Amino acid sequence: MRGFLLRLLLNTLALWIVTQLYGGLFFARGSSLGDYLLAGLVFGLANALLKPVLLLLTLPFNILTLGLFTLVVNAVILLIVASLTPLEVRGFGGALIGAVLLSVISFGLNLLTGPSDRKERRR
C-alpha cells in the first residue's frame, strides 16, 4: 500500500512540475489538490494498463523507429489522461513535448526516492 501511495504522489508531483514548466500542459482554472491527485491516479493507471497494450500493438513501428515511437505512445497516454481529468493539453505537439518532460521529471523523482522494489531495499 505504501508503494502505491508513493507512486501516486510521484505521478501527481511530476504532472504538477510539468504544468509549471511547460505552457502546453496545464490544469483547468480552479483545480484543487484533489484534481491533481485524480490526474496522477489516472496517469498511473493508464501507464500500468493501457501503455503495455499500446506498445504491443505498435511494436512494428517501434522496431522501425528504434524505439522512438514510444514517445508517440506516451503522448497518446497523456491525451487520454487529459480527456478524463481536469488536465488540459494544447494539441498533439503539446502532448508530445509534455510526455518527454514528464518522462524526464519522473525519472529524476524516481532516482531521488530510491528503489521501489522491496527486494532492492533489503540489500
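The rules behind the values
- Residues numbered from 1 in each chain as written.
- Predicted model: local features only at pLDDT ≥ 70, side-chain atom pairs only at ≥ 80, totals over all residues.
- Heavy atoms only, no water.
- Axes fitted to C-alpha atoms, helices over the stretch in contact; angles between N-to-C directions.
- Helix = DSSP H or I, 4+ residues; strand = E, 2+ residues; numbered from the N terminus.
- Parallel < 35°, antiparallel > 145°, perpendicular 65-115°, else oblique.
- Left-handed = near helix turned anticlockwise from the far one by under 90°.
- Contact = heavy atoms within 4.5 Å.
- Nonpolar A, V, L, I, M, F, W, Y, C, P; charged D, E, K, R; others polar.
- Buried < 20%, exposed > 50% of the residue type's maximum accessible area, 1.4 Å probe, protein only.

## Observations concerning the packing of helix H1 (residues 2-21) against helix H5 (residues 91-113)
In the contact formed by H1 and H5, the axes pass within 9 Å of each other and the chain directions differ by 135°. Classified by the angle between their axes, H1 and H5 sit oblique to one another. With respect to the hand of their crossing, H1 and H5 are arranged in right-handed fashion. For the pair H1 and H5, contact is made by Leu6, Arg7, Leu10, Leu13, Ala14, Leu15, Ile17, Val18 and Leu21 and by Gly98, Leu101, Leu102, Ile105, Ser106, Leu109, Asn110 and Thr113, respectively. Looking at side-chain class alone, the contact of H1 with H5 contains twelve nonpolar, four polar and one charged residues.

## Points about unusual backbone geometry
In the Ramachandran plot, Leu66 falls in the positive-phi region, its phi being about 55° despite a non-glycine side chain. Summarising the element assignment, Leu66 is placed in the loop between helix H3 (59-64) and helix H4 (69-84). Given a relative accessible area of 77%, Leu66 falls into the exposed group.

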